[in-house]
Amino acid sequence: MTAVGITIAIDAMSGDDGPEVVIPAAISFLQKNKAFDIILVGNQDKLEALLFPTVKNLSDNLNKPAISIVHADTVVSMDERPSRALRNKQDSSMAVALGLVRDGRADACVSAGNTGALMMMGRSILRMYPGIDRPAITKLFPSQGGGCFVLDLGANVDSSSEHLLQFALMGQLLAQAIKKIDKPKVALLNVGGESMKGNEQVRLAASLIEECEAVNYVGFVEGGDIFRSVADVIVCDGFVGNVALKSAEGAAKIILDGIKAFFTETWYKKLMGRLLLPWLSRSLRQLDPDTHNGAIFLGLQGVLVKSHGRASSASFEHAIDLAAKEAQANLPALINRQLEDVLF
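Residues numbered from 1 in each chain as written. Predicted model: local features only at pLDDT ≥ 70, side-chain atom pairs only at ≥ 80, totals over all residues. Heavy atoms only, no water.

Brief notes about the environment of A12
Residue placement: A12 occurs in the loop between β1 (7–11) and α1 (19–32). Relative accessible area serves as the criterion here: at 0%, A12 is assigned to the buried category. In this view, A12 contacts G18, P19, V22, L40, V41 and L47; residues no more than four positions away in its chain are not counted. (Helix = DSSP H or I, 4+ residues; strand = E, 2+ residues; numbered from the N terminus. Buried < 20%, exposed > 50% of the residue type's maximum accessible area, 1.4 Å probe, protein only. Contact = heavy atoms within 4.5 Å.)

Details of the nonpolar core
One finds I10, L40, L188 and F316 to be the most contacted residues of the largest nonpolar core, which totals 106 residues. Residues within four places of F316 in sequence aside, it is in contact with I10, V21, V22, A25, V110, A112, N293, S307 and A311. (Core = buried A, V, L, I, M, F, W, Y, C linked by side-chain atoms within 4.5 Å.)

Quick word on empty space enclosed by the protein
Under the criterion given, the structure shown has two cavities of 30 Å³ or more. If you add up the space inside the second largest cavity, you get close to 40 Å³. Forming the walls of the second largest cavity are Y129, F297, L298, L300, G302, E326, L331, P332 and I335. If you list the elements that add at least two residues to the lining of the second largest cavity, you get β10 (295–298) and α12 (331–343). It is α12 that contributes the most residues to the lining of the second largest cavity, three residues altogether. Here the residues of the lining of the second largest cavity sort into seven nonpolar, one polar and one charged. (1 Å grid on protein atoms, 1.4 Å probe; cavity = no way out; pocket = protein on both sides within 12 Å on 5 of 7 lines; lining within 4 Å. Points joined across faces, edges and corners; volume = space filled by probe spheres on them. Nonpolar A, V, L, I, M, F, W, Y, C, P; charged D, E, K, R; others polar.)

Here's the deal with the sheet that holds strand β8 (residues 217–221)
Judged by pairing direction, the sheet is mixed, and its 11 strands sit side by side in the order β3-β2-β1-β4-β11-β10-β5-β6-β9-β7-β8 without closing on themselves. Looking at which strands have only one partner, the edges of the open sheet turn out to be β3 (67–71) and β8. Each adjacent strand pair in this sheet contributes to an overall mean axis angle of 25°, direction not counted. Both strand β7 (residues 186–189) and β8 contribute to a ladder of four bridges, which runs parallel. Along β8, the bridge assignment pairs V186 with Y217. In this fold helix α8 (residues 200–211) packs onto β7 and β8, with an angle of close to 165° to the strand it touches most, β8. Across the sheet, helix α11 (residues 313–329) is in contact with β1, β2 (37–42), β4 (108–111), β10 and β11 (303–306); its angle to β11 comes to roughly 160°. (Pairing = 2+ DSSP bridges. Axes fitted to C-alpha atoms, helices over the stretch in contact; angles between N-to-C directions.)

Focus on the pattern of salt bridges
Going through the model one piece at a time under the given rule, you end up with six salt bridges. Across the salt bridge formed by D103 and R102, the nearest N and O atoms sit 2.9 Å from each other. Among the salt bridges present, the one from R228 reaches D225, with a minimum N-O distance of 3.1 Å. (Salt bridge = Lys/Arg side-chain N within 4 Å of Asp/Glu carboxyl O.)

A look at unusual backbone geometry
In this structure, the amide linkage connecting L151 to the following residue, D152, adopts the cis form with an omega of 15°. Among the secondary structure elements, D152 is positioned in the loop between β6 (148–151) and α7 (161–179). A positive phi is found at K180, a non-glycine position, where the angle reads about 60°. Within the fold, K180 resides in the loop between α7 and β7. Although it is not a glycine, N330 adopts a positive phi angle of roughly 50°. In this structure, N330 sits in the loop between α11 and α12.

Okay, here's the thing in structure tokens:
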């Protein structure tokens, strides 16, 4: 990856383990991507204590100060009410990191913090695209054909049919930018493929999306189709999407744990594991949720990536890498420009 002058602001205090996870992830990312800069946002004393002397050695290696610190007084807790955080935590690491993107000091923000608070602060600080009512959370699910974007994954538990149309537009533009596809296939998640199935909200959304010439709509899909490359983008409300995400992650963990347990039970199974696991490793990495850590907030006028709150350092690094790719592609400007052509 190459970049010139791209800076990523990281909310270093949020998540279950805060800077103990964030700092090793940031250092590992910079060692692989020397053209980027990172701003860690949080308690300066704590961050400096963990960074020194590693950051000095890293800066000497890169011939520049690759990591800097911006102090923030407070932290948004994982169980804090989003509305309370928005009112009372404008000095938090989350809000300050978002402010750096708004003010042009950073090109992207990554946080492992409270999802609801992150959505509300993102809307307040970064603002929405004109014509888009709500942000949507999306990520790339592994599939047979290189991955499928599913949205919304939890930003909105109640979405109108008009919101689903907006999600379809943004998801298609995202797939064009990230997957490099001219006409990504867009589908609606439903309980069946027949036109008469589903609730009123989904059936009305199907009519709206079908009427929108800008969307390459291919119809309804079911949950299992997420992994079969039936579509490049699958649209649903946040309640359904979050259930689908957590179910997929839970199933993947059961499969991975079962495979690991099988190859450690006896000496001959361990021998089989040595022979077979190198061949299976690529497929197993596709199943591992940690290798897909990082969900994108679409609809905001700035790059914002949400990491899993329980992410390891290796997993958090994936979220940083995703934010870097979005910033490189200048995704918010690209989507905003194309939405103007469609919505206005």
